[in-house]
Amino acid sequence: MKPAPFTRHTPRTVEEVVSALAEFAPQDGRILAGGQSLVPIMAFRMARPTHLIDINEVEGLDRLAVDGDYLSIGARVRHGAFHKPVIPSVLGQLLSFVCGHIAHYPIRMRGTFCGSLAHADPSSEWCLVAATLGAKLVVKSVRGERIVAVEDFLEGIMSTSLAEDEFLAEARLPLLPADTRFGFYEFSRRAGDFAMAAALVTYRIENGLMVDAHVGIGGAEDRARRIPEAEAVLNGKTPSPELFVAAGEAAADAIEPLEDIQTTAEYRCDLVRAVTRRALERAAA
């Protein structure tokens, strides 16, 4: 199938973007960046925007740089920017490792980090990264700018707190201490498919004990999020295979699993147990 007819707009500044959104969002106007999420659903006519606001020529939205204690990721930054560590740090290594699990190479060269967050697919690797690390998101409109915590931004399956005339201009990921360990593991039926469950964990070791543990789960619920119940199992404990199993159990017990014709809630909980344990094992290796 082909998309329904639409008008394409090509603003050159952020001011022109928000002005176009203010005018065309009430007519189902949409932002177009990488298009790897929007264009397929347009082709199936599951979405029929009458106006597309193409931000690919907007200056400054391709910015990727450290600002103080966070990494700033502009709305035009592609997945492929993270194939190699963008900064010589734990966060740079983490992003590079996760990037290799996103879909396939051509998609990574076109899709964008912020576009993935704005689309809010529960299986999105970047949504999981943002949720686990506690990202702050910069949202803009003609009314000005607001900064939204990721847990307030992601509201459900492909649903965010963005108003119709707002766009996600920047994501801010906190830098990680140099002694942070991380592990990521996802399960999908085939390489490049959407994850049925994924886990990202980070923690540090002090005096032989785990501290500042973050456990994030994606693909299993209606949104990616941290699991404090699993973090409580880990913090203050000595890393061990038995502890990692217990954390997986806590994560599985804490979620409200998605269920569909192919995947029961029980099976998804089993996957969460497995991906949590394996992510922790990778972090400890």
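On a predicted model such as this, the values are computed, not experimentally measured, just so you know.

A. Quick peek at the nonpolar core. Ranked by size, the top nonpolar core spans 55 residues in total, and within it Leu95, Leu117, Trp126 and Val129 carry the most contacts. Looking at this core element by element, the count peaks at 7 residues for helix α6 (residues 125-133). Setting aside anything within four residues of it in sequence, one finds Val129 in contact with Leu94, Leu95, Val98, Leu173 and Leu200. Formed by 30 residues, the second largest nonpolar core is a distinct cluster that contains Ala213, Val233, Phe244 and Cys269.

B. Molecular detail of the packing of helix α9 (residues 241-254) against helix α10 (residues 265-284). Two elements in contact, α9 and α10, have axes whose closest approach is 8 Å; the angle formed by their N-to-C orientations is 140°. Crossing handedness for the pair α9 and α10: right-handed. Facing α9, whose interface residues are Phe244, Val245, Ala247, Gly248, Glu249, Ala251, Ala252 and Asp253, α10 presents Cys269, Val272, Arg273, Thr276, Arg277, Leu280, Glu281 and Ala284. Its residues placed into classes, the contact of α9 with α10 shows 9 nonpolar, 2 polar and 5 charged.

C. Structural context of the sheet that holds strand β4 (residues 64-67). The sheet built from 5 strands is open, its strands ordered β4-β5-β10-β6-β7 with antiparallel pairing. The open sheet has two edge strands with one neighbour each: β4 and β7 (144-149). Strand-to-strand twist of the sheet, defined as the mean angle between neighbouring strand axes without regard to direction, takes the value 25°. Both β4 and strand β5 (residues 70-74) contribute to a ladder of 4 bridges, which runs antiparallel. Pairing of Asp67 across the sheet is with Tyr70, part of β5.

Calculation notes
- Residues numbered from 1 in each chain as written.
- Predicted model: local features only at pLDDT ≥ 70, side-chain atom pairs only at ≥ 80, totals over all residues.
- Heavy atoms only, no water.
- Core = buried A, V, L, I, M, F, W, Y, C linked by side-chain atoms within 4.5 Å.
- Buried < 20%, exposed > 50% of the residue type's maximum accessible area, 1.4 Å probe, protein only.
- Helix = DSSP H or I, 4+ residues; strand = E, 2+ residues; numbered from the N terminus.
- Contact = heavy atoms within 4.5 Å.
- Axes fitted to C-alpha atoms, helices over the stretch in contact; angles between N-to-C directions.
- Left-handed = near helix turned anticlockwise from the far one by under 90°.
- Nonpolar A, V, L, I, M, F, W, Y, C, P; charged D, E, K, R; others polar.
- Pairing = 2+ DSSP bridges.

The quantities given are spatial measurements derived from coordinates; they are silent on function.
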